Amino acid sequence: ARGCTDVFCCILFILAILGYFAVGILGDPRKVIYPTDSRGQFCGQAGTPWSKKKPLLFYFNILKCASPLTLLEFQCPTTQLCVESCPTKHMTLLKAYLNKGEQEYYKQFCKEGVDFSKMSAPEILRDGLCPSMLMSSKPFTRRCLPALSTMKGGVVVVGNETIFDNGEGEKVNATDFLDASKKSNVVVEARQVAMRIFEDYTVSWYWILIGLVIAMVVSLIFIVLLRYLAGIMIWVMIVMVILVIGYGIFHCAMEYRSLKGEPGSDVTIRDLGLQTDFSVYLQIRQTWLAFMIILSIVEVVVILLLIFLRKRVLIAIALIKEASRAVGHVMSSLFYPLLTFALLALVIAYWAITAVFLSTSNEQVYKVFNTTECNYSRDTCNPETFNTTNITARCPDAECLFAFYGGETYYHKYLILFQFYNVFLFFWCANFVTALGQVTLAGAFASYYWAFKKPDDIPANPICSSLGRALRYHTGSLAFGSLILSLVQVIRVLLEYLDQKLKDVIISCFCLKCCFWCLEKFIKFLNRNAYIMVAIYGKSFCTSARDAFFLLMRNIIRVAVLDKVTDFLLFLGKLLIVGIVGICSFFFFSGRIKAVEQTAPSLNYYWVPILTVVVGSYLIAHGFFSVYAMCVDTLFLCFLEDLERNDGTAERPYFMSQNLLTILKKSNEDQAKTVD
């Protein structure tokens, strides 16, 4: 007989979700996607004065900008104009003014209404109608940035020129543009790496999908075999992990040995520095030596753990066998992580969309920009009435330009609170989805354990029944537990922010971060067991958390041995699956297998698909084994409850399997009489 639990938290969660929907409808995402000119108009957006024919943003004087990265977020104190294409050659206004053949080309980078026949070059520059010069530029993130490059010998050039006239009678060196945009080289190199990675994905995506499908098939085969051959599979798994790591050590040793005497192989990683071509690191011996040392340490640690825990492994095998039977009777549980993944993807997508909408819900703010000292600098202005004010008289070079998106209303002043609300609701919703999955699986596996005659007494569709119970009766309890965890996670985020801002109190922040990290781990552990008790008995969250905590404390030795050893064995299973798929993908994509050398795609970085397959394989294996881990934890709590509540008599018989009864040397009276 169940009733609704933690109703207040349920109502609070529903109201928070409704508020979350209201917050997410504000804003205009075009402000993030498209650049904005000096009048706050979108470049390359239909329905604006500057249509799709002018999708790029051009800066009159790029030297006034600190760096291209700053241009992506803030406005430069120079006129910005929407243009059809970036300039491809160096030219000064005076040169274009004297050469009528170049005037039309130059005018496309000037403001509307410029007439070279009616105005002199000084007048055009005085009124800020045209830039003093053009330079060879390339579009980057819809903005025209200098086409910086480095020739042999380290000479910086812009459009194959090193020194040129800036249109004001001064000679400008190309290195000045490099200083003005000092981070541009890093951006360009990062972009080149990103483009190469993107190219690798375009030619290898189907092979990556095949690798992920193989990982899924291997995981399913492993689980099916684990159901029937749990003991043998676990020992085979342990041996295979040791052999896989051993092969890794052998391979690194062979590579280290083969590079002996090779030119440049003795260069250290520190001397090599950061390189965009990561395959260079594989050509030096120190890299393979580091890999070999790391793998050797892992191998020794694994072997020592197995030696000291060999007796506990036998107990863990019995628990996994029981979990294998439970999963075998509730096969639909293996596919429940797909629902959790879909819901988490929805939560992440809504959080990202809401963040974009909030960041674009501001209004256009115009500021006074000038190159000389002026009392009105950075003051708010109105572009429509700016020329009628006395600012232009006192500051002749002042301009009223679009600065950023903001506002002076209460909404704009407290917009940061809405962003914080978005982050907090993201954590709350994500934790709620995870909690829902844990309660659903716990309820299904608990129905298996408390069925006296298995599988006859197991209810039909246990996953659907458990999901229905969780949503109907325990939404408030799930919201309560996830709320507590979300508060701790938000505090951790704030501490990370303060740690970056307050460098003088690093020790204090570090201690607080460690404390809250431990607190988060403890709350996750407590919540997980509390949700199991909620699924079993249908009590409120606090009552379930208290009962689970004291139940585990009364059996702390069994918790430390059985539960953690089982988690370790399941982790070894993930490691084995990832190792098998990772090694196969390494030999395939690196062209080490001669039979499929022609089939393998040609890649810039062969580690890109390998890393993708390895990470994807781990996530797939983690999804399948998380069901197993939840099954083991649920059966473990049920097992402890069974021991405390029952004594094997006819009135209170044990519900555990015969295998567990044999290990504990216990029996039910009816079974004992049958044996007699």
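The preceding data block contains the structure.
From a predicted model like this one, the values you see are computed outputs, not experimental measurements.

> I tried to follow the overall build of the chain on my own but got confused; where do I start?
A tally of helices and strands in the chain yields 24 helices and twelve strands. Relative to its full complement of 676 residues, the chain shows a buried share of 45%. Nonlocal contacts in the chain, meaning residues at least 24 apart in sequence, comprise 69% of its contacts between residues at least 6 apart. Just so you have it, the chain exposes about 35700 Å², and 64% of that area is on carbon and sulfur atoms.

> Could you clarify how one ought to interpret the side chain of Ser333 in this entry?
For Ser333, the location among the structural elements is in the loop between helix H12 (310–329) and helix H13 (336–359). Residue Ser333 is classed as buried on the basis of its relative accessible area of 0%. Those residues in contact with Ser333, other than ones at most four positions away along the chain, are Val327, Leu441, Phe445, Ile463 and Val627.

> Just checking my understanding: could you explain the state of the cysteines for this structure?
As used in these notes, a disulfide is a covalent bond between sulfur atoms, one from each of two cysteines. One pass over the full model with this rule turns up three disulfides. Sulfur-sulfur distance for the disulfide between Cys86 and Cys144 comes to 2.1 Å. Across the S-S bond of Cys86 and Cys144 the torsion is about -90 degrees, and the bridge reads as left-handed. In this pair, Cys86 sits in the loop between strand S2 (80–83) and strand S3 (91–92) while Cys144 sits in strand S6 (residues 143–146), placing the two residues 58 residues apart along the sequence. Cys86 sits in the buried class, given a relative accessible area of 7%. Shown here is the disulfide that connects Cys110 with Cys130, its sulfur atoms set 2.0 Å apart. Because the sign of the S-S torsion sets the handedness, a value of about 120 degrees for the bond joining Cys110 and Cys130 places this disulfide among the right-handed ones. With Cys110 in the loop between helix H5 (100–107) and helix H6 (121–126) and Cys130 in the loop between H6 and strand S4 (133–134), the pair connects residues that are 20 residues apart, well separated along the chain. In this structure Cys110 comes out as buried when scored by relative accessible area, which is 6%.

> Explain the pattern of salt bridges here, please?
If the charged atoms of two oppositely charged side chains come close together, the side chains can form a pair. For the coordinates displayed, the defined rule picks out eleven salt bridges. Taking the shortest distance from any N to any O, the salt bridge between Arg528 and Asp633 comes out at 2.6 Å. One end of the pair, Arg528, is in helix H19 (residues 506–537); the other, Asp633, is in helix H22 (residues 607–645), with 105 residues separating them in the sequence. Here the two residues Arg528 and Asp633 agree in accessibility, since each one is buried. Notably, a salt bridge pairs Glu644 with Arg554, separated by 3.0 Å at the nearest N-O pair. With Glu644 in helix H22 and Arg554 in helix H20 (residues 541–554), the pair connects residues that are 90 residues apart, well separated along the chain. Judged by relative accessible area, Glu644 falls into the partly exposed class, the value being 40%. For Arg554, a relative accessible area of 51% translates into the label exposed. A cluster of three or more residues bridged by salt bridges with shared partners is formed by Arg492, Glu520 and Lys524.

About the thresholds
Residues numbered from 1 in each chain as written. Predicted model: local features only at pLDDT ≥ 70, side-chain atom pairs only at ≥ 80, totals over all residues. Heavy atoms only, no water. Helix = DSSP H or I, 4+ residues; strand = E, 2+ residues; numbered from the N terminus. Buried < 20%, exposed > 50% of the residue type's maximum accessible area, 1.4 Å probe, protein only. Contact = heavy atoms within 4.5 Å. Areas by Shrake-Rupley, 256 points an atom, 1.4 Å probe, with all protein chains shown as cover. Disulfide = S-S within 2.5 Å. Salt bridge = Lys/Arg side-chain N within 4 Å of Asp/Glu carboxyl O.

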